[in-house]
Amino acid sequence: MNAGGPRRSRLSARVPDDFEPNPLARLLAEKRARGVRILDLTISNPTRVGLDYGPPPTLALPDAYEPEPRGSLAAREAVARYYAEREGRDTVSPDRLVLTSSTSESYAHLLRLLCDPGDDVLVPTPSYPLFEPLARLEGVEIREYALQAASTPSGGWTGDPDSMEAAAGPRTRAIFLVQPNNPTGSCVQPEELGAIEAVVERLGIALVSDEVFGDFPWPPATRPLPTLLAEPRRGPTFVLGGVSKLCGLPQMKLGWIAVAGPDREMGRATEGLEWIADLFLSTSGPSEAALPSFLDGRHRFQIAMRERLAANLGLLRSNLVPGRTPFQLLEAEGGWSAVLRQREHAQDVDPGERLLDRHDILVHPGHFYGLSDDHIVISLIVEPSVLEEALGRLM
């Protein structure tokens, strides 16, 4: 008998103890409650920024539903055609593709496939703050490797294979790459990739490459950024993509994992992913059936998005003069975000809170991504009139 009364139920330790909003979120809520007009430079949803890329897609419910854990063959063939068109030759077989509901689910499936509880994966910093909570939910630890800041005046970041190997431990199971990285916009260079694959081989681990922004190089570049599917891979490799960024359709909830590497290892890995996917069957029949038309229609969206990127990068490049304005644009290779470095900043004041409090401009402070507080991160897909007004206030 419990003399102290009934025991209180508790949540898993994988769930955060504190769900209180951070100071920036509280300040934003207060201003919006007062009706203050906020210039939001954090929007990443392409359906909310005035891009004209045609009517929304129509979905049809298939006459008969036959669940296929990897996703329907027609949908996987469409993804394979996309990569073949992108690279000018066949790069991945439909048999080496597994559909998911999102890139987040792709990460979760790979953590389940590659790791036991207590294992760890190597993730880049700076980067989008998604890895830690996803890994935590799967009982997996993260170890960070550093993207090195370039010494050029315009900034930029580069990978460091030595830092990856130094960060690895006895229970490391994979290296995660994001290219172009969010928010730094950096990609792994060819000379770096060979060294990274050598680390993967020495440690007997896997390589995971998130390439969701790969079709969006920064203007004036026009060719899609490199994919790890372009050449045969020496070790087990998993490439992530999806329609959220590629086609501007986040509401369709459809992504994929492409499996590359030695046939024997990758055959077993694909079977393992199929087994995991079969437990969830998370992709919807209508989205799968429409995937070929989504991919065929991506060009109109991509033209609109590249025009938006060109317009906003033009505004930043013409307004932010190194050494003469409060902020400097750090050049990058691709993606939908830009990192701005502040010439002078108050050490004891969060830059996001300061800009919101004084100028009614919402940005992401650099520390959200593992950057120092002399950096802020803004979206490149906001309407140019909004960015132009914000730049006027910042000047």
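Residues numbered from 1 in each chain as written. Predicted model: local features only at pLDDT ≥ 70, side-chain atom pairs only at ≥ 80, totals over all residues. Heavy atoms only, no water.

J.: Would you take a moment to explain the overall build of the protein for this structure?
T.: In terms of regular secondary structure, the protein is built from 12 helices and 15 strands. Here the C-alpha radius of gyration of the protein, 22 Å, is about what a compact globule of 395 residues would show, namely 21 Å. Expressed as lengths along the three principal axes of its C-alpha atoms, the size of the protein is roughly 70 × 55 × 50 Å. Taken over 395 residues, the protein has a buried fraction of 52%. Approximately 18800 Å² of the protein is accessible, and the part contributed by carbon and sulfur atoms is 51%. (Helix = DSSP H or I, 4+ residues; strand = E, 2+ residues; numbered from the N terminus. Rg over C-alpha atoms; globule rule 2.2 N^0.38 Å. Buried < 20%, exposed > 50% of the residue type's maximum accessible area, 1.4 Å probe, protein only. Areas by Shrake-Rupley, 256 points an atom, 1.4 Å probe, with all protein chains shown as cover.)

J.: Where do I start with the nonpolar core in this structure?
T.: Nonpolar side chains in soluble globular proteins generally cluster together in the buried interior. Judged by nonpolar contacts, the single largest core of 46 residues is most densely connected at Ile 175, Leu 177, Val 243, Trp 256 and Leu 295. If you list the elements that add at least two residues to this core, you get α2 (73-87), β2 (97-100), α5 (161-167), β7 (172-178), α6 (190-203), α7 (243-246), β10 (255-260) and α9 (285-296). Judged by nonpolar contacts, the second largest core, of 36 residues, contains Leu 39, Phe 216, Leu 320 and Ala 390. (Core = buried A, V, L, I, M, F, W, Y, C linked by side-chain atoms within 4.5 Å.)

J.: It is not clear to me how the pattern of salt bridges should be interpreted in this structure. Could you clarify?
T.: It is possible for side chains of opposite charge to pair when their charged atoms get near one another. Within the structure shown, the criterion is met by 18 salt bridges. Salt-bridge contacts for Glu 274 lead to Arg 70; the nearest nitrogen and oxygen are separated by 2.9 Å. With Glu 274 in helix α8 (residues 263-280) and Arg 70 in the loop between β1 (39-40) and α2, this residue pair connects regions lying 204 residues apart in the sequence. Here Glu 274 falls in the partly exposed class, since its relative accessible area comes to 25%. Here Asp 120 and Arg 143 are joined by a salt bridge, their closest N and O atoms 3.2 Å apart. With Asp 120 in strand β3 (residues 120-125) and Arg 143 in strand β4 (residues 141-146), this residue pair connects regions lying 23 residues apart in the sequence. Several salt bridges converge on common partners, so that one network encompasses Arg 37, Glu 389 and Arg 393. (Salt bridge = Lys/Arg side-chain N within 4 Å of Asp/Glu carboxyl O.)

J.: Help me understand the sheet that holds β4 in this model?
T.: Picture the strands of a sheet paired through backbone hydrogen bonds; they go either parallel or antiparallel. Read from one edge of the open sheet, 7 strands run β2-β10-β9-β8-β7-β3-β4, paired in mixed fashion. Because the sheet does not close on itself, it has two edges, and the strands there are β2 and β4. In this sheet, adjacent strand axes meet at a mean angle of 25° when their direction is disregarded. Against the sheet, helix α3 (residues 103-114) touches β2, β3, β7, β8 (206-210), β9 (237-242) and β10, its axis set at about 160° to β9. (Pairing = 2+ DSSP bridges. Axes fitted to C-alpha atoms, helices over the stretch in contact; angles between N-to-C directions. Contact = heavy atoms within 4.5 Å.)

J.: I'm lost on the sheet that holds strand β15 (residues 375-379) in this one. Help?
T.: Strand order in this open sheet of 4 strands is β11-β12-β15-β14, and the pairing throughout is antiparallel. Of all strands in the sheet, those bounded by a partner on one side alone are β11 (327-330) and β14 (364-365). Sheet analysis places β14 next to β15, joined by 2 bridges and oriented antiparallel. Note that in β15 the partner of Pro 365 across the bridge is Ile 376.

J.: Please clarify how the packing of aromatic side chains should be interpreted in this entry.
T.: Given two aromatic rings, their pairing is described by the distance between the two centres and the angle made by the two planes. This structure, assessed with the given rule, holds 11 aromatic pairs. A ring pair is formed by Tyr 82 and Tyr 83, whose centres lie 4.7 Å apart and whose planes are at 55°; its orientation type is tilted. The rings of Tyr 53, Phe 213, Phe 216, Phe 301 and Trp 336 are connected pair by pair, giving a single aromatic cluster. (Phe/Tyr/Trp six-rings, centres within 6.5 Å; stacked < 30°, edge-to-face > 60°.)

J.: I tried to follow the pairing of β4 on my own but got confused; where do I start?
T.: If a strand is regular, its side chains alternate between the two faces of the sheet. The pairing of β3 with β4 spans 6 bridges and is classified as parallel. Paired with Val 123 across the two strands is Glu 144, which belongs to β4. One crossover worth recording links β3 to the parallel β4 by way of helix α4 (residues 131-137), and it is right-handed. (Right-handed = clockwise from strand over helix to strand, strands pointing away.)

J.: Would you mind showing me how to read the packing of helix α1 (residues 23-33) against helix α11 (residues 351-359) here?
T.: The description of two packed helices rests on the angle between their axes and on the distance between the axes. It is at 9 Å that the axes of α1 and α11 come closest, and there the two elements cross at 10°. Classed by the angle they form, the pair α1 and α11 counts as roughly parallel. Judged by the sense of rotation from one axis to the other, the crossing of α1 with α11 is left-handed. Across the interface between the two elements, Pro 23, Leu 24, Leu 27, Leu 28 and Lys 31 of α1 pack against Gly 352, Glu 353, Leu 356 and Asp 357 of α11. Classifying every residue of the contact of α1 with α11 by side-chain character gives 5 nonpolar, 1 polar and 3 charged. (Parallel < 35°, antiparallel > 145°, perpendicular 65-115°, else oblique. Left-handed = near helix turned anticlockwise from the far one by under 90°. Nonpolar A, V, L, I, M, F, W, Y, C, P; charged D, E, K, R; others polar.)

J.: Just to check I follow, could you spell out a nonpolar patch on the surface for this structure?
T.: A surface patch of nonpolar side chains, amounting to about 380 Å² of accessible area, comprises Trp 275, Leu 279 and Phe 280. Under the relative-accessibility criterion, Leu 279 is labelled exposed at 55%. (Patch = residues over 30% accessible without salt bridge, like charges linked within 9 Å, V, L, I, M, F, W, Y side chains within 5 Å.)

J.: I tried to follow α11 on my own but got confused; where do I start?
T.: Along an α-helix, a turn takes 3.6 residues, which lines up residues three or four apart on a common side. Every buried residue belonging to α11 is among Pro 351, Gly 352, Arg 354, Leu 355 and Leu 356, and all of these are buried. N-capping of α11 is provided by Asp 350, with a side-chain oxygen placed 2.8 Å from the backbone N of Gly 352. Immediately beyond the C-terminal end of α11, within one or two residues, lies Asp 360, with a positive phi of roughly 55°. (Polar contact = N/O pair within 3.5 Å; in protein donor to acceptor, adjacent residues only side chain to side chain.)

J.: Any chance you could explain the pairing of β10 here in plain terms?
T.: Here β10 lies mainly inside the structure; 6 of its 6 residues are buried. As paired strands, β2 and β10 are joined by 4 bridges and run antiparallel to one another. Note on β10: the bridge partner recorded for Val 98 is Ile 257. Judged from the 6 bridges that link them, β9 and β10 form a sheet pairing that is antiparallel. Across the sheet, residue Leu 240 finds its bridge partner in β10, namely Ile 257.

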